[in-house]
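# Examination of the molecular architecture
As a plain string of letters, each chain reads:
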There are 2 protein chains.
Amino acid sequence: MLAKKATDNSHSQESSYFMGWQEYEKNPYDAMDNPSGIIQMGLAENQLCFDLLEQWLTRNKDAIQMRKDGESIFKELALFQDYNGLPSLKKELAAYMSKLRGDKVKFDPKKLVLTAGSTSANEILMFCLAEPGEAFLVPTPYYPGFDRDLKWRTGVEIVPIHCYSSNSFRITESAMEEAYQAAQNLNLKVKGVFITNPSNPLGTTMTADELDIIVAFAVSKTVHIVSDEVYSGTVFDSPTFTSLMSAVTDKNLENHSVWSRVHIVSSLSKDLGLPGFRIGMIYSNNETVVSSATKMSSFGLVSSQTQFLLANILGDREFTENYVEENGRRLKKRRETIVSWLDGFGIGCLEGNAGLFCWVDMRHLLSFNTFEAEMEIWMKILCDVGLNVSPGGSFHCSEPGWFRVCFANMSEEALVAAMRRIKAFVSSVVGVGEDCRNIHPGKRSLVCTID
Amino acid sequence: MLAKKATDNSHSQESSYFMGWQEYEKNPYDAMDNPSGIIQMGLAENQLCFDLLEQWLTRNKDAIQMRKDGESIFKELALFQDYNGLPSLKKELAAYMSKLRGDKVKFDPKKLVLTAGSTSANEILMFCLAEPGEAFLVPTPYYPGFDRDLKWRTGVEIVPIHCYSSNSFRITESAMEEAYQAAQNLNLKVKGVFITNPSNPLGTTMTADELDIIVAFAVSKTVHIVSDEVYSGTVFDSPTFTSLMSAVTDKNLENHSVWSRVHIVSSLSKDLGLPGFRIGMIYSNNETVVSSATKMSSFGLVSSQTQFLLANILGDREFTENYVEENGRRLKKRRETIVSWLDGFGIGCLEGNAGLFCWVDMRHLLSFNTFEAEMEIWMKILCDVGLNVSPGGSFHCSEPGWFRVCFANMSEEALVAAMRRIKAFVSSVVGVGEDCRNIHPGKRSLVCTID
């Protein structure tokens, strides 16, 4: 009596990525109350700069109290449900997007659609750009949630563009052609390429070469490009970030038909660390997409209370600029710490300059070069060692042995505890030093209920 | 290059219902600044009790400042994106739902799914209950937005259950059978009945007989019932409101298979007057639906900031109870005022006991008994008289000449201005008294751009 999508597993939430979260929820680490619990390193959350936001809120009470010039605008906000969004927020978001992209491209508030997080933004774009059964090409490794967000309710298919460690998982022309061919072989009409820049899980920004390849592909195949740039505010090191919008502008493609097939997704969840506030957005050069996506945003509008607060925070441009800089400094320092520790344990990371995570190479710890061996070691790390990191397989990585390890969602104390556990684990796997069970006394059968 | 649904008119927003809003936006009435502008009577907004909410906010600053026991919980809320929602809000919503239903049924927070408004809730239920091309039967007249919410992205079809003024637009067994037969004739599989109780636009609650007919139909045809009860907090007069959930409980159907085919939608947009905050919900007896809808709520989560505020407001149960009572008193008074005025102009209204609108009978003012004549008079009222009321045709009413007139979204002053205009208009139509152009001097061609 129910729809198939409500009863089958097409929501893709049975991936090890989400299962790791569930295990964590059952036994979360706490330094005082549950020191042997699981440490969450599977959540791309940014907790490093809340002091800055809290200080701002203390100085700007009107914004949080829904007051303007000392007067309550509660009624006005409570009633505001225009799907075009608060003009003040859209103006500031456009300015913020420009700023994060080095002011190389000017963003126009009229081309912006507000959505309840980027989850909704990505789905809306799929509804606008493709019919059920049509496909988007997505470079691997990619965020496991895309299997839900892009496919579940839209009926759109994802065809992977396989990327490999041999060239640091960079996109190549031949990989794109292969993916296109694979789609043809499956009788799937390709409607576009969907990229994540900066990449989740790689923690890297795309090179000019990669962007060139993607744009050239979209030109030659007459397809769309969606660029999910939710991590654009987390770039903390060179090379600087180049948005897809800059790439097409640099090539003077404003008058080419590809211009209206370029769509950007962003949000305030990663840079500002506000996933609970659900502020996502679509930026599109295509008027019909903007118009249709705005109507679709009815299914996930942002609370006007939250729109008002963020319009005020972003409107303090001096604060925002300082925040982005300080956030970058702290992320860089945090990454350097973890990379250097892991290096000391003989574990390498892909070189990265963005994001809230490292892409960690544990291939040498696998018993075999298979995804079964990757799952085996992941289960050990989750259940015995007590760390929820995310296996590369859940990101559709083409090679076993890579893991995404988040570093910005925890205190320094928890990070140290995590590193001690990894150190002991590595020693145990390579047969040297203490048994990890001495560090993490929980018995596997007690900790973990994954079959 | 775009999906069909992004380029055609399947979003249904070209209905006169939405066109009236657009006209209003171009020339909105303001007593001081634009006294000849259009008065908005097409918006089911509740502005009658903001003083109560404002007073509560003044007394409870912690709730609006994201503080708990004097401490800021900004960080905790900013990070909270669990699609299960804040337990404190769900607990209070369940208690509030029970209260509005006379505590006849106990609502369980575990069966509740939070959504970004009822717009999202209704769409999610369609995604869960029906495949594209399957149908729901919907009694007429019904809210024009359902053509977008239930159909647009889901591919679900609506088949009308035609109701008529002869029995005050009540649902009958034969009307349901006819609709079922009409669906069969169209080769549409019927998956359920979708009702709005209290009704928008009728402003009435369903009778026990109607609910009996609907439940019996769902039992005999083995189909779902979705009951949109977003107006449950606006019942201001007898008979008391009976929720679908009470109806099936009264019949001791908890162990019948129909129990798990009963789903309720609600929101805080109409009773508390908070459409901008986007707090909607699904309540379902079906575990699979609850689980799947919760996952789908990822596409429209409620801002945690707003969840926290409302958990606090509803958590003050004494306040909430008084609010509901006072809101009822004010709505009743407002309705009595407008009904009595209209009666004085020779215009009748369907007897009603709920909602933020009257269902107004202007059949005697039509030049012919057709929907063309209804549109003609609607255009006059909108463009010449300067009132945005909503024509029954946009609600798929089966008979021309009915209009929905909202009364709770305006000041008393604006209401008086609107009534003066109606009075003049009626006089002009029946050829007696002053010309409405004396009251509303705007030239039609200047005011209105609808073709």
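Residues numbered from 1 in each chain as written. Chains lettered and ligands numbered in written order. Predicted model: local features only at pLDDT ≥ 70, side-chain atom pairs only at ≥ 80, totals over all residues. Heavy atoms only, no water.

To continue, consider the overall build of chain A. Counting secondary structure elements, chain A contains 18 helices and 15 strands. Here the C-alpha radius of gyration of chain A, 22 Å, is about what a compact globule of 451 residues would show, namely 22 Å. If one aligns the C-alpha atoms of chain A with their principal axes, the spans along those axes are about 60 × 60 × 55 Å. Measuring between centres, the 44 positive side-chain charges of chain A sit 3 Å from its 55 negative side-chain charges. (Helix = DSSP H or I, 4+ residues; strand = E, 2+ residues; numbered from the N terminus. Rg over C-alpha atoms; globule rule 2.2 N^0.38 Å. Lys, Arg positive; Asp, Glu negative; His and termini not counted. Charge placed at Lys NZ, Arg CZ, Asp CG, Glu CD.)

Moving on, we get to the pairing of strand E15 (residues 402-406) of chain A. All names here are of chain A. Among the five residues of E15, five are classified as buried, and the element is accordingly described as predominantly covered. With five bridges joining them, strand E12 (residues 357-361) and E15 adopt antiparallel strand pairing. Bridge pairing links Val-360 to Phe-403 in E15. Alignment of strand E14 (residues 390-391) against E15, held across two bridges, turns out to be antiparallel. Across the sheet, Ser-390 pairs through a bridge with Arg-404, a residue of E15. (Buried < 20%, exposed > 50% of the residue type's maximum accessible area, 1.4 Å probe, protein only. Pairing = 2+ DSSP bridges.)

Moving on: the pattern of salt bridges. Residues and elements named next belong to chain A. Evaluated as defined, the whole model comprises 41 salt bridges over all chains. Residue Glu-210 is joined to Arg-170 by a salt bridge in which the shortest nitrogen-to-oxygen separation is 2.8 Å. Separated by 40 residues along the polypeptide, Glu-210 in helix H10 (residues 208-221) and Arg-170 in the loop between strand E6 (157-161) and helix H9 (173-185) bring together distant segments of the chain. Look at the salt bridges and you will find they share partners, linking Asp-51, Glu-326, Arg-329 and Arg-330 into a network. (Salt bridge = Lys/Arg side-chain N within 4 Å of Asp/Glu carboxyl O.)

Further remarks concern the packing of aromatic side chains. Taken as a whole and assessed by the stated rule, the structure comprises 39 aromatic pairs over all chains. Ring plane angle 45° and centroid distance 6.0 Å describe the contact between Phe-319 of chain B and Tyr-323 of chain B, whose orientation is recorded as tilted. Of the two residues, Phe-319 of chain B and Tyr-323 of chain B are both situated in helix H14 (residues 317-344); the distance of four residues between them amounts to about one turn of the helix. For the pair formed by Phe-319 of chain B and Tyr-323 of chain B, the shared burial category is buried. The rings of Tyr-17, Phe-18, Trp-21, Tyr-142, Tyr-143, Phe-146, Phe-169, Phe-194, Trp-359, Phe-395 and Trp-402 of chain A are connected pair by pair, giving a single aromatic cluster. For the cation-ring pair, Lys-221 of chain A lies above Tyr-180 of chain A, with the distance from its terminal atom to the ring centre recorded as 4.4 Å. (Phe/Tyr/Trp six-rings, centres within 6.5 Å; stacked < 30°, edge-to-face > 60°. Lys NZ or Arg CZ within 6 Å of the ring centre and 35° of its normal.)

Moving on, we get to the relation of the copies chain B and chain A. Note on the copies: chain B fits chain A at an RMSD of 0.0 Å, the axial shift is 0.0 Å, and the rotation between them is 180°. Taken together, the turn and the small shift mark the pair as related by a two-fold rotation axis. The position closest to the rotation axis in chain B is occupied by the C-alpha of Gly-300 of chain B, lying 2.1 Å away. In this assembly the copies share their binding face: 100% of the residues contributing to the interface of chain B also contribute to that of chain A. (Least-squares fit on C-alpha atoms with pLDDT ≥ 70 in both. Contact = heavy atoms within 4.5 Å.)

Let us look at the nonpolar core. Within the largest apolar cluster, 315 residues are counted, with the highest numbers of intra-cluster contacts made by Met-41, Leu-309 and Leu-310 of chain A together with Met-41 and Leu-310 of chain B. Aside from chain neighbours lying at most four places away, what touches Leu-309 of chain A is Trp-56, Leu-57, Ala-63, Ile-64 and Phe-277 of chain A together with Met-66 and Gln-305 of chain B. (Core = buried A, V, L, I, M, F, W, Y, C linked by side-chain atoms within 4.5 Å.)

Residues and elements named next belong to chain A. Sheet architecture is open: four strands sit in the order E11-E12-E15-E14, paired in antiparallel fashion. Each having just a single partner strand, strand E11 (348-349) and E14 make up the two edges of the open sheet. Two strands pair when backbone bridges link them, and E11 and E12 are joined in this way by two bridges, in the antiparallel orientation. Bridge pairing links Gly-348 to Asp-361 in E12. This element, helix H14 (residues 317-344), spans E11, E12 and E15 of the sheet and lies at about 15° to E12. Here helix H15 (residues 371-385) sits on the sheet in contact with E14 and E15, set at roughly 30° to E15. (Axes fitted to C-alpha atoms, helices over the stretch in contact; angles between N-to-C directions.)

The next thing to look at is the sheet that holds strand E6 (residues 157-161) of chain B. All names here are of chain B. Judged by pairing direction, the sheet is mixed, and its seven strands sit side by side in the order E4-E10-E9-E8-E7-E5-E6 without closing on themselves. Each edge of the open sheet carries a strand with a single partner, namely strand E4 (112-115) and E6. Going across the sheet, the axis of each strand differs from the next one's by a mean of 25°, ignoring polarity. Summarising the sheet, strand E5 (residues 135-139) and E6 pair through five bridges and their orientation is parallel. Paired with Val-138 across the strands is Pro-160, a residue of E6. Packing against the sheet, helix H6 (residues 87-100) makes contact with E4, strand E9 (262-267) and strand E10 (280-284), and its axis sits at approximately 110° to E4.

In this model, chain A carries a mean pLDDT of 94, and residues with pLDDT of at least 70 account for 95%. Interface confidence for the predicted complex, given as ipTM, is 0.94, next to a pTM of 0.95. (pLDDT = per-residue confidence, 0-100.)

Residue position: Leu-309 of chain B is located in helix H13 (residues 304-315). By relative accessible area, which is 0% here, Leu-309 of chain B ends up buried. Between the C-alpha atoms of Leu-309 of chain B and Arg-329 of chain B, which are 20 residues apart in sequence, the distance is 25 Å. Aside from chain neighbours lying at most four places away, what touches Leu-309 of chain B is Met-66 and Gln-305 of chain A together with Leu-57, Ala-63, Ile-64 and Phe-277 of chain B.

Moving on, we come to the side chain of Thr-306 of chain B. Among the structural elements, Thr-306 of chain B can be located in helix H13. What Thr-306 of chain B contacts, discounting residues up to four positions off in sequence, is Ser-303, Gln-305 and Thr-306 of chain A together with Phe-277 and Ile-279 of chain B.

Here we take up the state of the cysteines. For the structure shown, the criterion picks out zero disulfides over all chains. Note on Cys-406 of chain A: no disulfide assigned, nearest cysteine sulfur contributed by Cys-358 of chain A at a separation of 9.1 Å. Judged by its relative accessible area of 0%, Cys-406 of chain A falls in the buried class. In this structure Cys-49 of chain B is not part of a disulfide, and its nearest cysteine sulfur, from Cys-406 of chain B, lies 16 Å away. Take Cys-49 of chain B: its relative accessible area is 2%, and that puts it in the buried class. (Disulfide = S-S within 2.5 Å.)

This part takes up H13 of chain B. All names here are of chain B. Look at H13: 16 Å from first C-alpha to last across 12 residues, which is about the 16 Å you get at 1.5 Å a residue. Among the 12 residues that make up H13, 10 are buried, leaving the element largely enclosed by the rest of the structure. For H13, every residue scored as buried is listed here: Ser-304, Gln-305, Thr-306, Gln-307, Phe-308, Leu-309, Leu-310, Ala-311, Ile-313 and Leu-314. (Expected span 1.5 Å × (residues − 1).)

This part is about the interface of chain B and chain A. With 70 residues of chain B at the interface, the matching set in chain A holds 70 residues. Both faces considered, chain B and chain A share a buried interface measuring about 6,300 Å² in area, 62% of it formed by carbon and sulfur atoms. The largest share of the area that chain B buries against chain A comes from Met-1, Arg-153 and Phe-299 of chain B, three residues that together contribute 14% of it. Seen at the junction of chain B and chain A, the total is two salt bridges. Its salt-bridge partner being Arg-153 of chain B, residue Glu-123 of chain A comes within 3.8 Å of it at the nearest N-O pair. Counting across the interface, chain B meets chain A through 28 residue pairs in polar contact (both at pLDDT 80 or more). (Buried area = accessible area lost by both parts, 1.4 Å probe. Polar contact = N/O pair within 3.5 Å; in protein donor to acceptor, adjacent residues only side chain to side chain.)

Attention now moves to the packing of helix H3 (residues 50-59) of chain A against H14 of chain A. Residues and elements named next belong to chain A. Between H3 and H14, whose axes approach to 10 Å, the crossing angle comes to 160°. As judged from the angle between their axes, H3 and H14 are roughly antiparallel. Judged by the sense of rotation from one axis to the other, the crossing of H3 with H14 is right-handed. Of the residues in H14, those touching H3 at Asp-51, Leu-52, Leu-53, Trp-56 and Arg-59 are Phe-319, Tyr-323, Glu-326 and Arg-330. Residue classes in the contact of H3 with H14 are distributed as five nonpolar, no polar and four charged. (Parallel < 35°, antiparallel > 145°, perpendicular 65-115°, else oblique. Left-handed = near helix turned anticlockwise from the far one by under 90°. Nonpolar A, V, L, I, M, F, W, Y, C, P; charged D, E, K, R; others polar.)

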